[in-house]
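Examination of the molecular architecture
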Amino acid sequence: MRFTSTPRGARLARRLVSHRLNDWGHPYATPVNEALTLITAELTANAVRHGHVPGRDFHIQLTLAEGVFRIEVTDTRAERRPPCTPPTPDSVSESGRGLLLVDALADDWGVTPRPAAPGKTVWAELRVRTGGHSHTLRVAPAPTNVDLLLSTASLLRDAPASQPGDASCGDHRL
């Protein structure tokens, strides 16, 4: 599906993926739905923030094949590719953790050039159990990643409000 390259478009894409997963038998509160919804939120926010070309939309595709969900987010900006390994932001940085989340939640992810057009596709895969009622095959993320994310959330929550005239422009992710 195609979405406007705006925060609203990213939000709608995330909601569509969550609803589609629910329709496919992975209810909203299940680990599969929550993980893929968060992965979608991060990839679409990155497409809006880093892959935006004025007048161009981004596309998402969600597939399930042989017990593997694959989410693909395609934008038209070829020169801004994410790194193969997410960089570790410093402890006071207010942004830059999206790909760390994707890396921690997905079983695999990567970037491929967009065939026959300018741009790129950032994709992530999540394996799920196809039989039985359990949808959790995941191993918890390494404690260092979780600790970093929790400490960042704590820093952001407890940070004093920015003063008038501050030039900082934090990450406006969904």
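All figures in this text were calculated on a predicted structure; none of them were measured in a lab.

Two numbers describe a pair of aromatic rings. These are the distance of the centres and the angle of the planes. By the definition in use, this model includes two aromatic pairs. Judged by centre distance (5.8 Å) and plane angle (25°), the ring pair of Phe3 and Phe58 falls under stacked. Here Phe3, found in strand β1 (residues 2-3), pairs with Phe58, found in strand β2 (residues 58-65); they are 55 residues apart in sequence, far enough to count as distant. Across the pair, Phe58 and Phe3 agree in class, each one buried. Consider the rings of Trp24 and Phe69, whose centres lie 6.1 Å apart with planes at 10°: the pair is stacked. Here Trp24 is found in the loop between α1 (7-23) and α2 (31-50), whereas its partner Phe69 is found in strand β3 (residues 68-75), with 45 residues between them in sequence. Judged by relative accessible area, which is 36%, Trp24 ranks as partly exposed.

Attention now moves to the nonpolar core. The biggest cluster of nonpolar side chains holds 28 residues, and the ones touching the most others in it are Ile39, Leu43, Phe58, Ile60, Ile71 and Ala124. Elements that contribute at least two residues to this core include exactly α1, α2, β2, β3, α3 (98-105), β4 (108-113) and β5 (120-127). Counting residues per element, this core draws most heavily on α2, at seven residues.

Further remarks concern the side chain of Thr121. Residue position: Thr121 is located in strand β5. Taking relative accessible area as the criterion, Thr121 reaches 8% and is therefore assigned buried. Polar side-chain contacts of Thr121 include one of 2.7 Å to the side chain of Thr74. Ignoring anything within four residues of it in the chain, the contact list for Thr121 reads Glu72, Val73, Thr74, Gly110, Val111 and Thr112.

Pairing in this open sheet of five strands is antiparallel, and the strands run β1-β2-β3-β5-β4 from one edge to the other. Each edge of the sheet is formed by a strand with only one pairing partner; in this case those strands are β1 and β4. Alignment of β2 against β3, held across seven bridges, turns out to be antiparallel. Counterpart to Ala65 in the pairing with β3 is Val68. Running at roughly 15° to β2, α1 makes contact with β1, β2 and β3 of the sheet. Its contacts with the sheet put α2 on β2, β3 and β5, and the angle it makes with β3 is roughly 15°.

Conventions we followed
Residues numbered from 1 in each chain as written. Predicted model: local features only at pLDDT ≥ 70, side-chain atom pairs only at ≥ 80, totals over all residues. Heavy atoms only, no water. Phe/Tyr/Trp six-rings, centres within 6.5 Å; stacked < 30°, edge-to-face > 60°. Helix = DSSP H or I, 4+ residues; strand = E, 2+ residues; numbered from the N terminus. Buried < 20%, exposed > 50% of the residue type's maximum accessible area, 1.4 Å probe, protein only. Core = buried A, V, L, I, M, F, W, Y, C linked by side-chain atoms within 4.5 Å. Polar contact = N/O pair within 3.5 Å; in protein donor to acceptor, adjacent residues only side chain to side chain. Contact = heavy atoms within 4.5 Å. Pairing = 2+ DSSP bridges. Axes fitted to C-alpha atoms, helices over the stretch in contact; angles between N-to-C directions.

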